[in-house]
Amino acid sequence: MAHLEALRFRLAGSDDAQAVANLHAESWRRNYRGAYSDAFLDGDVFTDRLAVWTERLREPDPRRCTILAEDGGLVGFANTFFDDDPTSGALLDNLHVADGHKRRGIASRLLALTAEAVVARPEKTGLYLWVLEQNLAAKAFYEARGGRRVDRAPTSPPGGVTSRLNGSSAKLRYAWSDPTVLLA
Ligand SMILES: CC(C)(COP(=O)(O)OP(=O)(O)OC[C@H]1O[C@@H](n2cnc3c(N)ncnc32)[C@H](O)[C@@H]1OP(=O)(O)O)[C@@H](O)C(=O)NCCC(=O)NCCS
């Protein structure tokens, strides 16, 4: 497998919607089972993600930053909405690394590039995210990167569709009040 130096990081454009939707749907299928319903994960998940990413990436948006990691094809991405919350700042809404490419430092690099983008904004803000409580790998990752657990809430249904949730699960909020600590 190639080393981290062989990876290419770049901003996503409208042509990337299909590849991002694919990785996103595959990652949800593998990692969100239990919290999201089997009917959704085995059914509409790709169609749902394709609609979301086609809309998001349709045109550049200065309030959004979507960074891709490529190694031949797409192997990871991080999506952030700047100035999302008056207190916590930018929302890291999605961070996913393809199976077979985990523990190579890809998410760490995506998070560092995200922090760089947040720090470069005219308004100094923090960075935060929500993670499913059941997602042990992601919690371990955010804790290893110095994220502070600051809140717990019921999981939000994907796309706002309640039937896509399995029972009641919880999500945790992690935050960095000073994202400069994440810079590479
Ligand atoms: C969470 C995720 C993004 C981490 O990506 P990654 O590229 O593997 O992370 P990195 O290689 O940068 O990991 C850095 C450190 O985080 C911690 N970490 C990462 N994955 C871990 C795991 N499965 N178990 C324990 N610690 C882990 C380790 O300290 C690791 O350092 P090490 O490999 O030297 O021990 C990845 O597992 C993933 O895509 N999961 C599925 C999607 C998801 O849950 N996204 C988060 C949504 S909120």
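For the structure itself, look to the data block above.
Asker: Describe the site of the ligand, and please don't skip the residues or the numbers.
Answerer: Around the ligand, the surrounding shell holds 20 residues, and the nearest of these are Ala 107, Ser 108, Ala 137, Ala 140 and Ala 144. Contributing elements (two or more residues each) for the shell around the ligand: helix 1 (17-31), strand 4 (89-97), helix 4 (106-119), strand 5 (127-132) and helix 5 (136-144). Take the shell around the ligand: its biggest share by element is five residues, from helix 5. Its residues assigned to classes, the shell around the ligand comprises 11 nonpolar, six polar and three charged.

Asker: Any details on unusual backbone geometry? Residues and values, ideally.
Answerer: A positive phi angle is found at Asp 83, which is not glycine, with a value near 50 degrees. Secondary-structure assignment places Asp 83 in strand 3 (residues 73-85). The class for Asp 83 is partly exposed, based on 14 C-beta atoms found within 10 Å. A positive phi angle is found at Arg 103, which is not glycine, with a value near 60 degrees. Take Arg 103: it is sitting in the loop between strand 4 and helix 4. A count of 9 C-beta atoms within 10 Å places Arg 103 in the exposed class.

Asker: Give a detailed account of the nonpolar core, specifying residues and quantitative values.
Answerer: Across soluble globular proteins, nonpolar side chains have a tendency to be buried as a group. Membership of the largest hydrophobic core comes to 43 residues, with the highest contact counts inside it found for Phe 77 and Leu 110. Considering each element in turn, this core owes the most residues, seven residues, to helix 4. Ignoring anything within four residues of it in the chain, the contact list for Leu 110 reads Ile 67, Ala 69, Gly 76, Ala 78 and Leu 95.

Asker: Can you tell me about the environment of Ser 108, naming the residues and giving the values?
Answerer: Note that Ser 108 resides in helix 4. By the C-beta count within 10 Å, which is 16 here, Ser 108 ends up partly exposed. C-alpha separation for the pair Ser 108 and Tyr 142, spaced 34 residues apart in sequence, amounts to 9.2 Å.

Asker: Describe the sheet that holds strand 3, with residues and values.
Answerer: Strand order across the open sheet formed by seven strands is 1-2-3-4-5-7-6, with mixed pairing between neighbours. Each edge of the open sheet carries a strand with a single partner, namely strand 1 (8-11) and strand 6 (148-154). Each strand axis lies, on average, 25 degrees off the axis of its neighbour in the sheet, ignoring direction. Sheet topology note: the strand 1/strand 2 (residues 64-71) ladder contains four bridges and is antiparallel. Residue pairing in the sheet places Arg 8 in a bridge with Glu 70 of strand 2. Running over the sheet, helix 1 touches strand 3 and strand 4 and is turned about 90 degrees from strand 3.

Asker: Please give an account of the packing of helix 1 against helix 3 (residues 45-56) that cites residues and values.
Answerer: The N-to-C vectors of helix 1 and helix 3 enclose an angle of 140 degrees; their axes lie 8 Å apart at closest approach. Overall, the two elements helix 1 and helix 3 adopt an arrangement that is oblique. Seen from above, helix 1 lies across helix 3 with right-handed handedness. Residues Ala 17, Gln 18, Val 20, Ala 21, Asn 22, His 24, Ala 25, Trp 28 and Arg 29 of helix 1 form the contact with helix 3, whose own contacting residues are Val 45, Phe 46, Arg 49, Leu 50, Trp 53 and Thr 54. Of the residues belonging to the contact of helix 1 with helix 3, the class tally is nine nonpolar, four polar and two charged.

About the cut-offs
- Residues numbered from 1 in each chain as written.
- Predicted model: local features only at pLDDT ≥ 70, side-chain atom pairs only at ≥ 80, totals over all residues.
- Near = placed C-beta within 6 Å.
- Helix = DSSP H or I, 4+ residues; strand = E, 2+ residues; numbered from the N terminus.
- Nonpolar A, V, L, I, M, F, W, Y, C, P; charged D, E, K, R; others polar.
- Buried ≥ 20, exposed ≤ 12 C-beta atoms within 10 Å, placed from the backbone.
- Core = buried A, V, L, I, M, F, W, Y, C linked by C-beta atoms within 7 Å.
- Contact = placed C-beta atoms within 7 Å.
- Pairing = 2+ DSSP bridges.
- Axes fitted to C-alpha atoms, helices over the stretch in contact; angles between N-to-C directions.
- Parallel < 35°, antiparallel > 145°, perpendicular 65-115°, else oblique.
- Left-handed = near helix turned anticlockwise from the far one by under 90°.

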